[in-house]
Amino acid sequence: KLSRILVKIGYNLKIIPIEEISYFYSENKMVYAQTAERSYPTDFTLDELEDVLEKQFFFRANRQFIIQLGYITNINTSPYYKVKMQFQTHEEITISRERVKDFKDWLV
């Protein structure tokens, strides 16, 4: 399983331990890793990440987000499941309707 990712910042490479990433998200055909510092572009697709991340800690919330359990700060269940994450730049991440049951199972 993936324990760290390598990201490119200008002409520099940075190693980010996977436990520092609160979530991954897709935007404009790029996938970013969000940390406390900032978001970093990655060379992965969300589908590739879903295959290599530890399922016990990471969950594919919808087509745009993979979230890490330890960084969830709030879960609102009305009327849709919405998750608030640490370091979140987006308002809330909605769990897709088809994944709500899997999400609830994943939480316990």
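Here, every reference points to the structure presented above.
From a predicted model like this one, the values you see are computed outputs, not experimental measurements. (Residues numbered from 1 in each chain as written. Predicted model: local features only at pLDDT ≥ 70, side-chain atom pairs only at ≥ 80, totals over all residues. Heavy atoms only, no water.)

Trainee: Just give me the short version of the layout of surface pockets, but keep the residues and values in it.
Mentor: Gaps between atoms show up when a probe of the same size as a water molecule is rolled over them. Estimated volume of the largest pocket: approximately 160 Å³. Looking at the largest pocket, the residues that line it are Glu50, Leu53, Glu54, Lys55, Phe58, Phe59, Arg60, Ile66, Arg99, Asp102 and Trp106. Counting residues per element, the ones that place at least two in the lining of the largest pocket are strand 6 (58-60) and helix 2 (100-107). A total of three residues in the lining of the largest pocket trace back to one element, the largest contributor, which is strand 6. Of the residues belonging to the lining of the largest pocket, the class tally is five nonpolar, no polar and six charged. (1 Å grid on protein atoms, 1.4 Å probe; cavity = no way out; pocket = protein on both sides within 12 Å on 5 of 7 lines; lining within 4 Å. Points joined across faces, edges and corners; volume = space filled by probe spheres on them. Helix = DSSP H or I, 4+ residues; strand = E, 2+ residues; numbered from the N terminus. Nonpolar A, V, L, I, M, F, W, Y, C, P; charged D, E, K, R; others polar.)

Trainee: Please provide a residue-by-residue account of the nonpolar core, values included.
Mentor: Among the nonpolar cores identified, the biggest contains 16 residues, and Ile67, Met85, Ile95 and Phe103 are the most heavily contacted of them. Looking at this core element by element, the count peaks at three residues for helix 2. If sequence neighbours within four positions are ignored, phenylalanine 103 has contacts with Phe59, Ile67, Ile72, Ile75, Tyr81, Val83 and Ile95. Grouped together as the second largest cluster of nonpolar side chains are 14 residues, Ile21, Val31, Tyr40 and Leu53 included. (Core = buried A, V, L, I, M, F, W, Y, C linked by side-chain atoms within 4.5 Å. Buried < 20%, exposed > 50% of the residue type's maximum accessible area, 1.4 Å probe, protein only. Contact = heavy atoms within 4.5 Å.)

In short, the description is geometric, and any link to function would need to be established separately.
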